[in-house]
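Structural features, examined
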Amino acid sequence: MVLLESEQFLTELTRLFQKCRLSGSVFITLKKYDGRTKPIPRKGSVEGFEPSDNKCLLRATDGKKKISTVVSSKEVNKFQMAYSNLLRANMDGLKKRDKKSKSKKSKAAQ
């Protein structure tokens, strides 16, 4: 997995969306990141590790290529605006979901 800066992550994410436009999927995950690179041991003494500030870890993959970035709390507003604009621009090829009418559901339940 490649850890990128925020701007580089957004450009690579745009490339992933363009590559998967006709067929394929892009999976994006977001989680809290505390800066640890090693797992917490189950037994024994655990040192009090306090992160200096809150961070988010974003990962994106198309099944073949993986990219990630860490966004600090200071730059989250700027990143969120750019990220939301990127998602709006690239989510135009989604298929509409078939909504079944209530009458069909009630007939199937009886």
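UniProt annotates the chain as Signal recognition particle 14 kDa protein of Bos taurus. Quoted verbatim from the Subunit field of the UniProt record, the comment on the chain reads "Heterodimer with SRP9; binds RNA as heterodimer (By similarity). Component of a signal recognition particle (SRP) complex that consists of a 7SL RNA molecule of 300 nucleotides and six protein subunits: SRP72, SRP68, SRP54, SRP19, SRP14 and SRP9 (By similarity)." Per UniProt, the chain has the following entry under Subcellular location: "Cytoplasm".

With their axes 11 Å apart at the nearest point, helix α1 (residues 6–19) and helix α2 (residues 76–90) run at an angle of 10° to one another. In terms of orientation, α1 and α2 fall into the roughly parallel class. Residue-level contacts link Ser-6, Glu-7, Phe-9, Leu-10, Leu-13, Thr-14, Phe-17 and Gln-18 of α1 to Lys-78, Phe-79, Ala-82, Tyr-83, Leu-86, Leu-87 and Asn-90 of α2. Partitioned by chemical class, the residues of the contact of α1 with α2 number nine nonpolar, four polar and two charged.

The rules behind each value
Residues numbered from 1 in each chain as written. Predicted model: local features only at pLDDT ≥ 70, side-chain atom pairs only at ≥ 80, totals over all residues. Heavy atoms only, no water. UniProt positions renumbered as here; feature names shortened; annotations may be inferred. Axes fitted to C-alpha atoms, helices over the stretch in contact; angles between N-to-C directions. Helix = DSSP H or I, 4+ residues; strand = E, 2+ residues; numbered from the N terminus. Parallel < 35°, antiparallel > 145°, perpendicular 65-115°, else oblique. Contact = heavy atoms within 4.5 Å. Nonpolar A, V, L, I, M, F, W, Y, C, P; charged D, E, K, R; others polar.

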